[in-house]
Amino acid sequence: MPTLLDLSHTVEHGMITYKGLPAPIICDYLSREESRQHYAEGVEFNIGKIEMVANTGTYIDSPFHRYAHGKDLSELPLTSLADLEGVLVHVVDRKSRGITREAFKEVNVRGKAVLVHTEWSQHWRTDQYFEGHPFLTKDAAEYLTDQGVKIVGIDTYNIDDTTDGTRPVHSTLLGNEIPIVEHLTGLAQIPNRDFRFFAVPVKVKGFGTFPIRAFAITP
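Reference entry: report on the structure contained in this document. These figures come from a predicted structure and were not determined experimentally.

Any empty space left between atoms is shown by rolling a water-sized probe over those atoms. Tallied over the entire structure, the rule returns 1 cavity of 30 Å³ or more. What the largest cavity holds in volume is close to 30 Å³. As for the largest cavity, its lining consists of Met15, Thr17, Tyr18, Leu21, Pro22, Pro24, Val53, Asn55 and Thr56. Of the residues contributing to the lining of the largest cavity, the split by class is 6 nonpolar, 3 polar and no charged.

The subject of this paragraph is the side chain of Thr17. Along the chain, Thr17 falls in the loop between strand 1 (3-6) and strand 2 (25-30). There is a polar contact of 2.8 Å between the side chain of Thr17 and the backbone nitrogen of Gly57. Among residues more than four places away in sequence, those in contact with Thr17 are Asn55, Thr56, Gly57, Tyr59, Trp124, Tyr129, Phe130, Tyr157 and His183.

Let us now look at the packing of aromatic side chains. All chains considered together, the criterion is met by 8 aromatic pairs. Aromatic side chains Trp124 and Tyr129 sit 5.2 Å apart centroid to centroid with 90° between the ring planes, which places their arrangement in the edge-to-face category. Overall, the relative accessible area of 1% leaves Tyr129 in the buried class. Stacked on the ring of Tyr67, the Lys or Arg Arg66 has its end atom at 4.5 Å from the ring centre.

This paragraph deals with helix 2 (residues 138-146). Within the span of helix 2, buried status applies to Ala140, Ala141, Tyr143, Leu144 and Thr145. In this structure, the buried side of helix 2 is in contact with strand 6 (98-99), strand 8 (135-136), strand 9 (151-154) and helix 3 (168-175). Two residues or fewer past helix 2, Gly148 is found with a positive phi of approximately 80°.

With 5 of 5 residues buried, strand 7 (residues 113-117) lies mostly within the body of the structure. Of the two faces of strand 7, the one carrying Ala113, Leu115 and His117 and the one carrying Val114 and Val116 are both buried. As paired strands, strand 5 (residues 84-90) and strand 7 are joined by 5 bridges and run parallel to one another. Within the sheet, the bridge partner assigned to Val87 lies in strand 7 and is Val114. Inspection of the sheet shows strand 7 paired to strand 9 by 4 bridges, in the parallel sense. Paired with Val116 across the two strands is Ile154, which belongs to strand 9.

The rules we used
- Residues numbered from 1 in each chain as written.
- Predicted model: local features only at pLDDT ≥ 70, side-chain atom pairs only at ≥ 80, totals over all residues.
- Heavy atoms only, no water.
- 1 Å grid on protein atoms, 1.4 Å probe; cavity = no way out; pocket = protein on both sides within 12 Å on 5 of 7 lines; lining within 4 Å.
- Points joined across faces, edges and corners; volume = space filled by probe spheres on them.
- Nonpolar A, V, L, I, M, F, W, Y, C, P; charged D, E, K, R; others polar.
- Helix = DSSP H or I, 4+ residues; strand = E, 2+ residues; numbered from the N terminus.
- Polar contact = N/O pair within 3.5 Å; in protein donor to acceptor, adjacent residues only side chain to side chain.
- Contact = heavy atoms within 4.5 Å.
- Phe/Tyr/Trp six-rings, centres within 6.5 Å; stacked < 30°, edge-to-face > 60°.
- Buried < 20%, exposed > 50% of the residue type's maximum accessible area, 1.4 Å probe, protein only.
- Lys NZ or Arg CZ within 6 Å of the ring centre and 35° of its normal.
- Pairing = 2+ DSSP bridges.

And the structure:
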């Protein structure tokens, strides 16, 4: 039987995903207690409310996140988000923070979802998560683009070096309509064999980023 592997962080009240951005506020819009006055005896419902920035939890970036005229979430084809053949690239034994094209040279990435496993997600919800994270270099992004990848995901704070204001990886990938998934987790669960990857956001017009329930299916 196929196995479903959850690769997403849980979105929780007060959780910080990206330093400097506000945490989500999760509360009741209509509590169960308040709802009882609207229904028959013994019947109750909860309607929740969440206030959050788009960059919360495990999320996907569409071209509109970087480019004003790029495709937004509502314009991303499902063929770029769901049931994608995946490949896992392990870069846990790094000599530097920057992950170059050399990490991908021995892997067939054409037409695939490329997930970069760095083990950085072990620092989630700690101060360490925000400092010194691994990232892809510009030449890695250019190589993946040239090789025709479908989507690129990583289990770190940012796919770019946050000290570089040009954000070359976002600029390169999103400029070529290759979505980016950040803050993945649990990539070690994926065996080194075939898997399918899913990263589908809510279909929101005029939004470039949104949380997803990323997951993989292995045979």
